[in-house]
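One-letter residues, chain by chain:
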Amino acid sequence: MLTVRRAEDRGHADHGWLSSHHTFSFADFYDPRFMGFGPLRVINDDTVAPGGGFPTHGHRDMEIISYVLDGALAHKDSLGTGSVMRPGDVQRMSAGTGVRHSEFNASEDSPVHFLQIWLLPRRQGLPAGYEQKHFAASAKQGRLCLVASPDGAEGSVRIQQDARMFATLLAVGQSVSHAIKGGRKGWLHVARGAAAVNGLTLKEGDGVAISGEESLTISSPSSGEVLLFDLGA
């Protein structure tokens, strides 16, 4: 079964320096039908104005993935790590027993557009940690590139949950397929452009809850960037 979450039905917060669309209930946005999906708790589509950002704040017991689409995102945390993320970079921060961090647009001239994704960890009280890797566009073009997994397979960042996150770039005529093993489910998010999954047409910002499907075929009628989450029961 495929259940569509349309982009226009998401929550939206406009803080001037930040425009954020919430796939699931978050902060002041509450939708009892969409509190998360399995261990996937947050997909926030954030655009931060030049010079703007999130000042230092705390998290715990959450796996947080940042995926940059455009621009540059500066990160600093209480673990002593810091970096500037650009398109193709994927960052994993395990909040675990507690971590404080800040995220700012690294540019004074251009906005930064990124996805912030939260997954519940396999259990509470795990050690905090940080990891960042780059995945070239060529690794995602016309194929599902594994960017996060519980075992760090294929050079992915390692998350502390039974979940795998794939990214793909699709041009006209390209398609990718993915088999879903028994008892598992998935979530698909169209990060940019347009896509179709098993014949269902989707636009930028749309999401799809996937359950009871044995396989997926993902294509694009024009071009698109798609994230796919393969989730444990």
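Since the model is a prediction, treat every value here as computed from it, not as a measurement.

1. Looking at the environment of Leu-115
For Leu-115, the position within the fold is in strand β11 (residues 112-119). Separated by 52 residues in the primary sequence, Leu-115 and Ala-167 place their C-alpha atoms 12 Å from one another. Sequence-distant contacts of Leu-115, that is, excluding residues within four places in its chain, are made with Asn-44, Asp-45, Ile-65, Ser-66, Tyr-67, Leu-69, His-189, Ala-191 and Leu-227.

2. Remarks on the environment of Thr-217
Relative to the assigned elements, Thr-217 resides in strand β20 (residues 215-219). The exposure class of Thr-217 is partly exposed, given its relative accessible area of 38%. Between the C-alpha atom of Thr-217 and that of Ala-95, which follows or precedes it by 122 residues, the distance is 34 Å.

3. Considerations on unusual backbone geometry
One non-glycine residue, Glu-154, lies in positive phi territory at about 55°. Structurally, Glu-154 is set in the loop between β13 (145-149) and β14 (157-158). Its identity is not glycine, yet Asn-198 carries a phi of approximately 50°, on the positive side. Along the chain, Asn-198 turns up in the loop between β17 (185-197) and β18 (200-203).

4. With respect to the nonpolar core
Core analysis: the biggest nonpolar cluster contains 27 residues, and Leu-40, Ile-117, Met-165, Trp-187 and Phe-229 have the highest contact counts within it. Sorting the residues of this core by element identifies β4 (40-48), β6 (63-70), β11, β13, β15 (163-171), β17 and β21 (223-231) as the ones contributing at least two each. Sequence-distant contacts of Leu-40, defined by excluding residues within four places in its chain, comprise Phe-24, Ile-117, Trp-118, Leu-119, Trp-187, Phe-229 and Leu-231. In this structure, Leu-144, Leu-170, Ala-195 and Ile-210 belong to the second largest nonpolar core, which totals 17 residues.

5. Digging into the pairing of strand β2 (residues 11-14)
Of the two faces of β2, only one is covered, namely that formed by Gly-11 and Ala-13; the face formed by His-12 and Asp-14 stays uncovered. In this sheet, strand β3 (residues 18-22) lies alongside β2 in antiparallel orientation, the contact comprising four bridges. Bridge pairing in β3 places Ala-13 opposite Ser-20.

6. Some points on the side chain of Lys-140
Inspection of the secondary structure puts Lys-140 in helix α1 (residues 137-140). The charged side chain of Lys-140 is buried without a salt bridge, its nearest counter-charge being Glu-225 at 4.1 Å. When neighbours within four sequence positions are excluded, Lys-140 is seen to be in contact with Tyr-67, Gly-88, Phe-135, Cys-145, Ala-167, Thr-168, Leu-169 and Glu-225.

7. Examining the sheet that holds strand β12 (residues 129-134)
A sheet is described by the order of its strands in space; here seven strands give the open sequence β2-β3-β4-β11-β6-β9-β12, paired in antiparallel fashion. Edge strands, defined here as strands with exactly one partner in the open sheet, are β2 and β12. Recorded for the sheet is a direction-independent mean angle of 15° between the axes of neighbouring strands. Bridge count between strand β9 (residues 89-94) and β12: six bridges; the pairing is antiparallel. Looking across to β12, one finds that Arg-92 is bridged to Glu-131.

8. What to know about the pattern of salt bridges
Taken as a whole, this structure holds 13 salt bridges when the rule is applied. Between Arg-192 and Asp-70 there is a salt bridge, with its nearest N and O atoms 2.9 Å apart. With Arg-192 in strand β17 and Asp-70 in strand β6, this pair connects stretches of sequence that are 122 residues apart. According to the relative accessible area criterion, Arg-192 is partly exposed, its value standing at 26%. For Asp-206, the salt bridge goes to Lys-203, with nearest N and O atoms at 3.2 Å. Ionic contacts of the salt-bridge type, sharing partners, join the residues Arg-6, Glu-8, Lys-203 and Asp-206 into one network.

Conventions we followed
Residues numbered from 1 in each chain as written. Predicted model: local features only at pLDDT ≥ 70, side-chain atom pairs only at ≥ 80, totals over all residues. Heavy atoms only, no water. Helix = DSSP H or I, 4+ residues; strand = E, 2+ residues; numbered from the N terminus. Contact = heavy atoms within 4.5 Å. Buried < 20%, exposed > 50% of the residue type's maximum accessible area, 1.4 Å probe, protein only. Core = buried A, V, L, I, M, F, W, Y, C linked by side-chain atoms within 4.5 Å. Pairing = 2+ DSSP bridges. Lys, Arg positive; Asp, Glu negative; His and termini not counted. Salt bridge = Lys/Arg side-chain N within 4 Å of Asp/Glu carboxyl O. Axes fitted to C-alpha atoms, helices over the stretch in contact; angles between N-to-C directions.

Interpretation note: all reported values are geometric properties and have no functional meaning in isolation.
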